[in-house]
Amino acid sequence: QVRLVQSGGGLVQAGGSLRLSCAASGIIFSIDVLGWYRQAPGKQRELVAAISSGGSTNYADSVKGRFTISRDNAKNTVYLQMNSLKPEDTAVYYCNAFISTTLLKSENYWGQGTHVTVSS
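This section reports on the structure supplied with the text. (Residues numbered from 1 in each chain as written. Predicted model: local features only at pLDDT ≥ 70, side-chain atom pairs only at ≥ 80, totals over all residues. Heavy atoms only, no water.)

## Section: the sheet that holds strand S3 (residues 18-25)
Link 1 in the chain: With antiparallel pairing, the four strands of this open sheet are ordered in space as S1-S3-S8-S7. Bordering the open sheet on either side are strand S1 (3-7) and strand S7 (67-72), each of which pairs with just one other strand. Each strand of the sheet is rotated relative to its neighbour by a mean of 15 degrees, with strand direction disregarded.
Link 2 in the chain: Strand direction decides the pairing type here: S3 and strand S8 (residues 77-82), joined by six bridges, are antiparallel. (Pairing = 2+ DSSP bridges. Helix = DSSP H or I, 4+ residues; strand = E, 2+ residues; numbered from the N terminus. Axes fitted to C-alpha atoms, helices over the stretch in contact; angles between N-to-C directions.)

## Overview of the state of the cysteines
Link 1 in the chain: The final tally for this structure, using the stated rule, is one disulfide.
Link 2 in the chain: Through a disulfide, cysteine 22 is tied to cysteine 95; the S-S separation comes to 2.0 Å. When the S-S torsion is 50 degrees, as for the bridge of cysteine 22 with cysteine 95, the disulfide is right-handed. A residue pair is termed long-range when its members are at least 10 positions apart, and cysteine 22 in strand S3 and cysteine 95 in strand S9 (residues 91-100) qualify at 73 residues. Judged on exposure class, the residue cysteine 22 and its partner cysteine 95 are both buried. (Disulfide = S-S within 2.5 Å. Buried < 20%, exposed > 50% of the residue type's maximum accessible area, 1.4 Å probe, protein only.)

Right under this line is the structure:
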(Lines give C-alpha, C1' and ligand atoms only; values in the text may rest on other atoms or scores of the structure.)
Protein backbone atom coordinates (compact mmCIF):
# COMPACT_ATOMS: atom_id res chain seq x y z
CA GLN A 1 0.00 0.00 0.00
CA VAL A 2 0.90 3.65 -0.35
CA ARG A 3 2.37 5.22 2.78
CA LEU A 4 2.54 8.87 3.85
CA VAL A 5 5.39 9.59 6.25
CA GLN A 6 5.52 12.90 8.07
CA SER A 7 8.40 14.77 9.66
CA GLY A 8 9.23 18.20 11.04
CA GLY A 9 7.01 18.61 14.08
CA GLY A 10 8.21 19.84 17.42
CA LEU A 11 8.18 22.61 19.97
CA VAL A 12 8.59 26.27 19.06
CA GLN A 13 8.03 29.59 20.78
CA ALA A 14 5.30 31.97 19.68
CA GLY A 15 6.42 33.97 16.67
CA GLY A 16 8.72 31.23 15.48
CA SER A 17 8.63 29.01 12.42
CA LEU A 18 8.34 25.33 11.66
CA ARG A 19 8.35 23.31 8.45
CA LEU A 20 6.41 20.07 8.07
CA SER A 21 7.08 17.49 5.37
CA CYS A 22 5.06 14.55 4.11
CA ALA A 23 6.49 12.07 1.63
CA ALA A 24 4.50 9.44 -0.24
CA SER A 25 6.02 6.09 -1.12
CA GLY A 26 4.82 2.95 -2.85
CA ILE A 27 3.30 2.25 -6.24
CA ILE A 28 2.02 5.64 -7.34
CA PHE A 29 0.52 6.53 -10.67
CA SER A 30 -0.28 10.12 -9.74
CA ILE A 31 -0.87 12.34 -6.73
CA ASP A 32 -3.88 14.59 -7.08
CA VAL A 33 -4.96 16.77 -4.16
CA LEU A 34 -2.68 17.18 -1.12
CA GLY A 35 -3.69 18.74 2.16
CA TRP A 36 -2.76 19.43 5.73
CA TYR A 37 -5.22 19.01 8.58
CA ARG A 38 -4.87 19.62 12.29
CA GLN A 39 -6.68 18.55 15.41
CA ALA A 40 -6.31 20.47 18.65
CA PRO A 41 -7.18 18.89 22.01
CA GLY A 42 -10.95 18.68 22.41
CA LYS A 43 -11.61 20.02 18.93
CA GLN A 44 -12.67 18.62 15.58
CA ARG A 45 -10.09 17.97 12.87
CA GLU A 46 -9.98 20.87 10.43
CA LEU A 47 -8.46 21.57 7.05
CA VAL A 48 -5.48 23.90 7.27
CA ALA A 49 -4.31 24.07 3.66
CA ALA A 50 -4.68 22.22 0.38
CA ILE A 51 -2.92 22.21 -2.96
CA SER A 52 -4.09 20.76 -6.26
CA SER A 53 -2.06 19.02 -8.93
CA GLY A 54 -2.11 22.28 -10.86
CA GLY A 55 -0.71 24.25 -7.93
CA SER A 56 -3.89 25.99 -6.80
CA THR A 57 -3.97 26.54 -3.03
CA ASN A 58 -6.46 27.40 -0.35
CA TYR A 59 -6.06 28.08 3.36
CA ALA A 60 -8.11 28.28 6.49
CA ASP A 61 -8.76 31.88 7.48
CA SER A 62 -6.90 31.35 10.73
CA VAL A 63 -3.60 30.60 8.97
CA LYS A 64 -3.85 32.65 5.79
CA GLY A 65 -0.82 34.87 5.38
CA ARG A 66 1.22 32.86 7.88
CA PHE A 67 1.30 29.32 6.42
CA THR A 68 2.36 28.22 2.95
CA ILE A 69 1.67 24.85 1.36
CA SER A 70 3.84 23.61 -1.49
CA ARG A 71 4.61 20.37 -3.30
CA ASP A 72 7.59 18.77 -4.97
CA ASN A 73 6.20 16.39 -7.54
CA ALA A 74 9.58 14.83 -8.31
CA LYS A 75 9.90 13.78 -4.66
CA ASN A 76 6.20 12.99 -4.07
CA THR A 77 6.37 15.36 -1.12
CA VAL A 78 4.17 18.10 0.28
CA TYR A 79 5.36 20.78 2.70
CA LEU A 80 3.75 23.15 5.14
CA GLN A 81 5.82 26.19 6.05
CA MET A 82 4.44 27.72 9.24
CA ASN A 83 5.55 31.22 10.19
CA SER A 84 4.49 33.61 12.95
CA LEU A 85 3.22 30.68 14.98
CA LYS A 86 0.70 31.27 17.74
CA PRO A 87 -0.19 29.14 20.77
CA GLU A 88 -3.56 28.42 19.15
CA ASP A 89 -1.71 26.62 16.34
CA THR A 90 -0.84 23.87 18.81
CA ALA A 91 -2.30 20.61 17.47
CA VAL A 92 -1.54 17.29 15.88
CA TYR A 93 -1.00 17.89 12.18
CA TYR A 94 -1.87 15.30 9.54
CA CYS A 95 -1.10 15.21 5.84
CA ASN A 96 -3.69 13.83 3.47
CA ALA A 97 -3.57 12.86 -0.19
CA PHE A 98 -5.71 11.53 -2.97
CA ILE A 99 -3.43 9.14 -4.82
CA SER A 100 -4.03 7.08 -7.93
CA THR A 101 -2.23 3.75 -7.86
CA THR A 102 -3.52 2.92 -11.34
CA LEU A 103 -5.11 4.99 -14.07
CA LEU A 104 -8.62 4.29 -12.76
CA LYS A 105 -8.14 3.72 -9.02
CA SER A 106 -7.83 6.66 -6.63
CA GLU A 107 -7.76 6.36 -2.84
CA ASN A 108 -7.42 8.69 0.13
CA TYR A 109 -4.43 8.33 2.48
CA TRP A 110 -3.43 9.84 5.81
CA GLY A 111 -0.04 10.42 7.37
CA GLN A 112 0.69 9.25 10.90
CA GLY A 113 0.36 12.71 12.42
CA THR A 114 2.96 14.89 14.10
CA HIS A 115 2.72 17.12 17.17
CA VAL A 116 3.23 20.86 16.88
CA THR A 117 3.42 22.74 20.16
CA VAL A 118 3.69 26.53 20.30
CA SER A 119 4.56 28.03 23.66
CA SER A 120 3.70 31.58 24.71
